Amino acid sequence: MKIEREDLPNLELKHFVSDLALLAAVPVNQKFRKLVLDEYPFDPQLLSSSAVYRKSRSLFLKIGGSFVPRVCSTMRSLSTQDLFERNRLQPSVFRNAVVQRLLSRSF
């Protein structure tokens, strides 16, 4: 099957939605609920399925780290200085915006 250039965005979207469905289907273990960051998409699934992800979160919190959601209108990378302060990560508020957008459209 030959894929035309104009079909690529639709194909990429289908793959993206398929990946989202895969992540959403990962069983969530409620014993990690206290570690979940509500604004991180699929955080409960990642905590439930990855011991490394879980250990990293636990250690960060154990040293007094905190997560303070922050709305940012520009893209940030891990090297962005305003993203990090001592023992504080400032993730972009994301999950609710995505969920609201998805619920407002039909695919």
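Predicted, not measured: the structure shown is a model, and the values here were computed from it.

Visitor: Even after reading the chapter, I still don't get the overall build of the chain, so can you show me in this structure?
Guide: For the chain, the count of helices and strands is four helices and three strands. For the chain, the sequential pattern of α-helices and β-strands runs α-α-α-β-β-β-α. In the chain, which comprises 107 residues, the share counted as buried stands at 16%. For the chain, the accessible area works out to roughly 8,600 Å², and carbon and sulfur atoms hold 59% of it.

Visitor: What exactly am I supposed to notice about the confidence of the model for the chain here?
Guide: Per-residue confidence for the chain averages 76 on the pLDDT scale, and 55% of its residues sit at or above 70. Within the chain, helix H2 (residues 43–49) carries the highest mean pLDDT (93), whereas strand S2 (residues 84–85) carries the lowest (60).

Visitor: Before we go on, may I ask you to explain the pattern of salt bridges in this structure?
Guide: Side chains carrying opposite charge are able to pair once their charged atoms draw close together. Within this structure, the stated rule accounts for two salt bridges. A salt bridge links Arg33 to Asp38, with the nearest nitrogen and oxygen atoms 3.1 Å apart. A relative accessible area of 43% means that Arg33 is categorised as partly exposed. Residues Arg57 and Asp43 are paired through a salt bridge, measuring 2.9 Å at the closest nitrogen-oxygen approach.

Visitor: So what exactly am I meant to see when it comes to a nonpolar patch on the surface here?
Guide: Residues Leu13, Phe16 and Val17 make up a contiguous nonpolar surface patch of about 260 Å² in total accessible area. Residue position: Phe16 is located in helix H1 (residues 8–24).

Conventions we followed
- Residues numbered from 1 in each chain as written.
- Predicted model: local features only at pLDDT ≥ 70, side-chain atom pairs only at ≥ 80, totals over all residues.
- Heavy atoms only, no water.
- Helix = DSSP H or I, 4+ residues; strand = E, 2+ residues; numbered from the N terminus.
- Buried < 20%, exposed > 50% of the residue type's maximum accessible area, 1.4 Å probe, protein only.
- Areas by Shrake-Rupley, 256 points an atom, 1.4 Å probe, with all protein chains shown as cover.
- pLDDT = per-residue confidence, 0-100.
- Salt bridge = Lys/Arg side-chain N within 4 Å of Asp/Glu carboxyl O.
- Patch = residues over 30% accessible without salt bridge, like charges linked within 9 Å, V, L, I, M, F, W, Y side chains within 5 Å.

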